[in-house]
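Here's the letter readout for the chains.
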Amino acid sequence: MGSATLGIILAGIGVAVASSGDGSMTITRNGAVLDGRKIDGYVHIKADNVTIRNSTIKYGGAHTVRIFDGFSGALIENTRISCTRPGTNGVVFGNYTARKVRVVGCKNGFLHSPEAPATIIMSTWNGKPVAAGDLPPAAEPKPTPEPTRSTPGSRPTPARPTPAAGATSTKAPTTRAPSSFPGPDDTGVPAGTTLRASGSIKATQDGQVFSGLNINGCVTVLAKNVVIRKSRITCGGIYSIRTINAVNLLVEDVEINGLGKNSAAVCCGEYTLRRVDISNVIDGPRLGSDVVVEDSWIHHLTRGPGSHNDTLQTTGASNIVVRGNTLEAYNPVTRDPFNACLMIGSTTGPIVSNLLFEGNYCNGGNYSIGIRTDLNANNIRLSGNVFGRNYRYGVIARPDQRGITWDRSSNLFADNRKPVVG
């Protein structure tokens, strides 16, 4: 099949590409989806919110899958990436999520940097699991030049230093002021978006996309790869969003108003929240297994009789990433510190494992980070976070409990930038 023919076929399924021989392609359309493809060549991503799923990619040049500077939101899942030469890298350079990705035969599996982080869940590099919280080596490998082929009409991208290899976590900067974290200007429905009225939604078809909706009701997801984007959800039920046997739900640029009645804004697993504005709920999202919460704002919780309000809570799950959020477990009007920004326990499951809590601003709580005595923990890492002082008792309960890594040098108070635990 010729290059031109390949480009036409892919464009026909909603993927804007310029094919450049041997199956190599450059994706240039925002929101493009590659599903079930067999690609013999590199994949260059020069667009936002690109998805590659259920595919195999084989290449022997410099980088097999490359996300270029200035683009973000790439999702690679259920995909095998094979390098045919020992010097080839797998996925570079950051601003992506890899879920259930197998990288085989590559010099470096997953490359990223503090400026362009990555979220990596249930993935392997040369057969070895890449665990949440792994830190990169100090040395950075020398970059290898990419092929000179490029998309017609695009500028060649200059070479950049290759970030450290093989990590799922890079420490977030801890010099940010609380006002620079997510808030009303960069979460929820983007300004200027026109919304269409909708009632409650039950998503039962794989790959359904809901966008631009004003949903007066609740959302139930029972399918794979559903997307809810640029929408408002106003729900007085138990959960604004509920996943039931769902896989890989993406909720992006969405506002959730729980009308003071949601027991939890989102429940319970297999979802990603990105730039979501959550308020007027008893609890924020419940963190089940295979969950990512990033760049979101959870605030103005609602106190109910006997409630123990948490912006985030997990009571038994694995593979959780919480990064770059504003978590406000404090009511400045009533001066109520609620219960916690993050509550972790083993109340409903035997263990909480592979949880990364990184680069967040957190204020309030009895303890801002509530570690329950019943917690059975494995590989829970908390680093690079900034904390306010509107707690009742302290920032973290039981930081030395087995299975927890509390980075004393990078978890800082917001006001004086001094370590929380000394």
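For clarity, every value in this text was computed on a predicted model and none was experimentally measured. (Residues numbered from 1 in each chain as written. Predicted model: local features only at pLDDT ≥ 70, side-chain atom pairs only at ≥ 80, totals over all residues. Heavy atoms only, no water.)

Focus: the packing of aromatic side chains
Taken as a whole, this structure holds four aromatic pairs when the rule is applied. Note on Tyr367 and Tyr393: the rings are 5.8 Å apart at their centroids and 45° apart in plane angle, and the pair reads as tilted. Of this pair, Tyr367 sits in strand 34 (residues 367-371) while Tyr393 sits in the loop between strand 36 (386-387) and strand 37 (394-396), and the two are 26 residues apart along the sequence. By relative accessible area, which is 31% here, Tyr367 ends up partly exposed. Sitting over the ring of Phe68, Lys46 keeps its end group 4.6 Å from the ring centre. Geometry around Phe68 places Arg66 over its ring, the cationic atom sitting 4.2 Å from the centre. (Phe/Tyr/Trp six-rings, centres within 6.5 Å; stacked < 30°, edge-to-face > 60°. Helix = DSSP H or I, 4+ residues; strand = E, 2+ residues; numbered from the N terminus. Buried < 20%, exposed > 50% of the residue type's maximum accessible area, 1.4 Å probe, protein only. Lys NZ or Arg CZ within 6 Å of the ring centre and 35° of its normal.)

What to know about the pattern of salt bridges
Here the structure, examined in full by the defined rule, presents 16 salt bridges. Residue Arg286 is joined to Asp283 by a salt bridge in which the shortest nitrogen-to-oxygen separation is 3.2 Å. You can call Arg286 partly exposed: its relative accessible area is 23%. (Salt bridge = Lys/Arg side-chain N within 4 Å of Asp/Glu carboxyl O.)

Some details on the nonpolar core
Soluble globular proteins tend to pack their nonpolar side chains together in the buried interior. Membership of the largest hydrophobic core comes to 57 residues, with the highest contact counts inside it found for Ile241, Ile256, Leu287, Leu342, Ile369 and Ile380. With four residues, strand 22 (residues 249-257) is the largest single contributor of residues to this core. Setting aside anything within four residues of it in sequence, one finds Ile241 in contact with Val219, Ile228, Ile233, Leu249, Val251, Ile256, Ala265, Val266 and Cys267. In this structure, Ala32, Leu34, Ala47 and Tyr96 belong to the second largest nonpolar core, which totals 27 residues. (Core = buried A, V, L, I, M, F, W, Y, C linked by side-chain atoms within 4.5 Å. Contact = heavy atoms within 4.5 Å.)

Points about the sheet that holds strand 23 (residues 264-267)
Across the sheet, which stays open at both edges, the four strands sit in the order 16-19-21-23 with parallel pairing between neighbours. Each edge of the sheet is formed by a strand with only one pairing partner; in this case those strands are strand 16 (201-203) and strand 23. Within this sheet the neighbouring strands show an average axis-to-axis angle of 10°, counted without direction. The pairing of strand 16 with strand 19 (residues 219-221) spans three bridges and is classified as parallel. Bridging across to strand 19, Ile201 finds its partner in Val219. (Pairing = 2+ DSSP bridges. Axes fitted to C-alpha atoms, helices over the stretch in contact; angles between N-to-C directions.)

Digging into empty space enclosed by the protein
In total, this model carries one cavity of 30 Å³ or more according to the counting rule given. Here the largest cavity is characterised by a volume of approximately 40 Å³. Along the walls of the largest cavity sit Leu75, Thr97, Asn248, Leu250, Thr272 and Arg274, which together make up its complete lining. Among the residues making up the lining of the largest cavity, the classes are represented as two nonpolar, three polar and one charged. (1 Å grid on protein atoms, 1.4 Å probe; cavity = no way out; pocket = protein on both sides within 12 Å on 5 of 7 lines; lining within 4 Å. Points joined across faces, edges and corners; volume = space filled by probe spheres on them. Nonpolar A, V, L, I, M, F, W, Y, C, P; charged D, E, K, R; others polar.)

A look at the state of the cysteines
Here the structure, examined in full by the defined rule, presents four disulfides. The disulfide partner of Cys83 is Cys106, and the S-S distance across this bridge is 1.9 Å. Disulfide Cys83-Cys106: the torsion about the S-S bond is 85°, which places it as right-handed. Of this pair, Cys83 sits in strand 9 (residues 74-83) while Cys106 is found in the loop between strand 11 (96-104) and strand 12 (118-121), placing the two residues 23 residues apart along the sequence. Accessibility classification places Cys83 together with Cys106 in one group, the buried group. For Cys267, the disulfide goes to Cys268, at an S-S distance of 1.5 Å. For Cys267, a relative accessible area of 2% gives the class buried. (Disulfide = S-S within 2.5 Å.)

Observations concerning the pairing of strand 18 (residues 213-216)
Across the two faces of strand 18 the burial differs, with Leu213 and Ile215 buried and Asn214 and Asn216 not buried at all. Sheet analysis places strand 15 (residues 196-198) next to strand 18, joined by three bridges and oriented parallel. Counterpart to Arg196 in the pairing with strand 18 is Leu213. Bridge count between strand 18 and strand 20 (residues 227-234): three bridges; the pairing is parallel. Directly across from Ile215, in strand 20, lies its bridge partner Ile233.

A closer look at the sheet that holds strand 31 (residues 340-344)
Read from one edge to the other, the open sheet built from four strands follows the order 28-31-34-37, with strand pairing classed as parallel. Strands at the two margins of the open sheet, each flanked by one partner only, are strand 28 (310-314) and strand 37. Neighbour to neighbour, the strand axes of the sheet diverge by 20° on average, direction disregarded. Across four bridges, the pairing between strand 28 and strand 31 is parallel. By the bridge assignment, Asp310 is partnered in strand 31 with Ala340.

Observations concerning the confidence of the model for the chain
Looking at the chain as a whole, its pLDDT mean stands at 85, while 84% of the residues score no less than 70. Segment residues 1-21 is flagged for pLDDT under 50; beyond a separation of four residues in sequence, or across chains, it makes 40 contacts in the model. Across residues 132-174, where pLDDT falls below 50, the model places 111 contacts with residues more than four positions away in sequence or in other chains. (pLDDT = per-residue confidence, 0-100.)

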